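Understanding the architecture of this molecule
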Amino acid sequence: LALLHGGDASRSWYDTTGVRYRKPTPHTRYTVPMQSFTEYSASFPPPVRARLIALRNAIAGAAPKANEKMAYGVPTFTLNGKNLVHFGAFKKHIGFYPGVEMMRHYDTKLSRYTRAKGSVQFPFEKPLPLSLIRTIVRHRVALLSIHIK
């Protein structure tokens, strides 16, 4: 596979057909971006895949009008053209990205998990808080619906 430099060398490379690849770090290798949740989840071992599917189903149930896509290399739900939430699997956790506003609002309920400005990490050794995730997604749906009007 011949890789050609394409723009910013620190960010991405392109093959001869123009497909963009992520530049590898010491822990990764060149990969083609995933095109669907099915493809994304299939790249993980069965226990992780089961958690991803459970999380996806919880989000889809809480936001039935949302659309699904891949964005930033992870599964993403959108509503009215805006990102609703992102989620993804990592070495030791599932990352859930509801945004800064939701993280502030649910800070107390998420306090037992590792958090960042707009995300929370659910470690593999703990059950996913699916009820709380559904609540957060419903709240985010309501906020996005208000902003559209």
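Residues numbered from 1 in each chain as written. Predicted model: local features only at pLDDT ≥ 70, side-chain atom pairs only at ≥ 80, totals over all residues. Heavy atoms only, no water.

Tallied over the entire structure, the rule returns two salt bridges. For E68, the salt bridge is made with R56, and the minimal N-O distance between the two is 2.8 Å. Of the two residues, E68 sits in strand β4 (residues 67–71) while R56 sits in helix α2 (residues 46–62), which places them twelve residues apart along the sequence. Residue classification places E68 among the partly exposed residues on the basis of a relative accessible area of 35%. Note that R115 and D107 form a salt bridge whose closest N and O atoms lie 3.1 Å from each other. Given the relative accessible area of 34%, R115 is considered partly exposed. (Salt bridge = Lys/Arg side-chain N within 4 Å of Asp/Glu carboxyl O. Helix = DSSP H or I, 4+ residues; strand = E, 2+ residues; numbered from the N terminus. Buried < 20%, exposed > 50% of the residue type's maximum accessible area, 1.4 Å probe, protein only.)

Counting residues in hydrophobic clusters, the biggest one holds 35 residues, and the most contacted among them are L52, I59, L84, F96, L110, F122 and V137. Broken down by secondary-structure element, the contributors of at least two residues to this core are α1 (37–42), α2, β5 (74–79), β6 (82–89), β7 (93–97), α3 (100–105), β9 (120–123) and α4 (130–148). Examining the composition of this core, we find that seven residues originate from one element, α4, more than from any other. If we ignore the near neighbours within four places in the chain, the residues touching V137 are I59, A62, A63, L84, V85 and F96. (Core = buried A, V, L, I, M, F, W, Y, C linked by side-chain atoms within 4.5 Å. Contact = heavy atoms within 4.5 Å.)

Here we take up the environment of K69. Examined against the element boundaries, K69 turns out to sit in strand β4. According to the relative accessible area criterion, K69 is partly exposed, its value standing at 41%. Considering only alpha carbons, one finds K69 and S36, 33 residues apart in sequence, at a separation of 6.7 Å.

What follows concerns the sheet that holds β6. One open sheet holds the six strands; their spatial order is β4-β5-β6-β7-β9-β8, and the pairing between them is antiparallel. Each end of this open sheet is capped by a strand with a single partner; those strands are β4 and β8 (114–115). Packing of α2 onto the sheet brings it into contact with β4, β5, β6, β7 and β9, and relative to β6 it is tilted by some 160°. (Pairing = 2+ DSSP bridges. Axes fitted to C-alpha atoms, helices over the stretch in contact; angles between N-to-C directions.)

This part is about the pairing of β6. Taking burial as the measure, the eight residues of β6 include six buried ones, the bulk of the element. The sheet contact formed by β6 and β7 spans four bridges and is antiparallel. Each bridged residue has a counterpart across the sheet, and for H86 the counterpart in β7 is Y97.

Glycine aside, a negative phi is what most residues show, and trans is what most peptide bonds show. One non-glycine residue with positive phi stands out, namely Y72, at about 55°. Even without glycine at this site, N80 takes up a positive phi of about 55°. Looking at the element boundaries, N80 is found in the loop between β5 and β6. Judged by its relative accessible area of 47%, N80 falls in the partly exposed class.

We now examine the packing of aromatic side chains. Evaluated as defined, the whole model comprises five aromatic pairs. On the numbers, 6.1 Å between centres and 50° between planes, the contact of F37 with F87 is tilted. Taken together, the residues F37 in helix α1 and F87 in strand β6 connect sequence positions 50 residues apart. A residue is classified by how much of its surface remains accessible, and F87, at 0% relative accessible area, is buried. Judged by centre distance (6.4 Å) and plane angle (25°), the rings of F77 and F87 are stacked. With F77 in strand β5 and F87 in strand β6, this residue pair connects regions lying ten residues apart in the sequence. (Phe/Tyr/Trp six-rings, centres within 6.5 Å; stacked < 30°, edge-to-face > 60°.)

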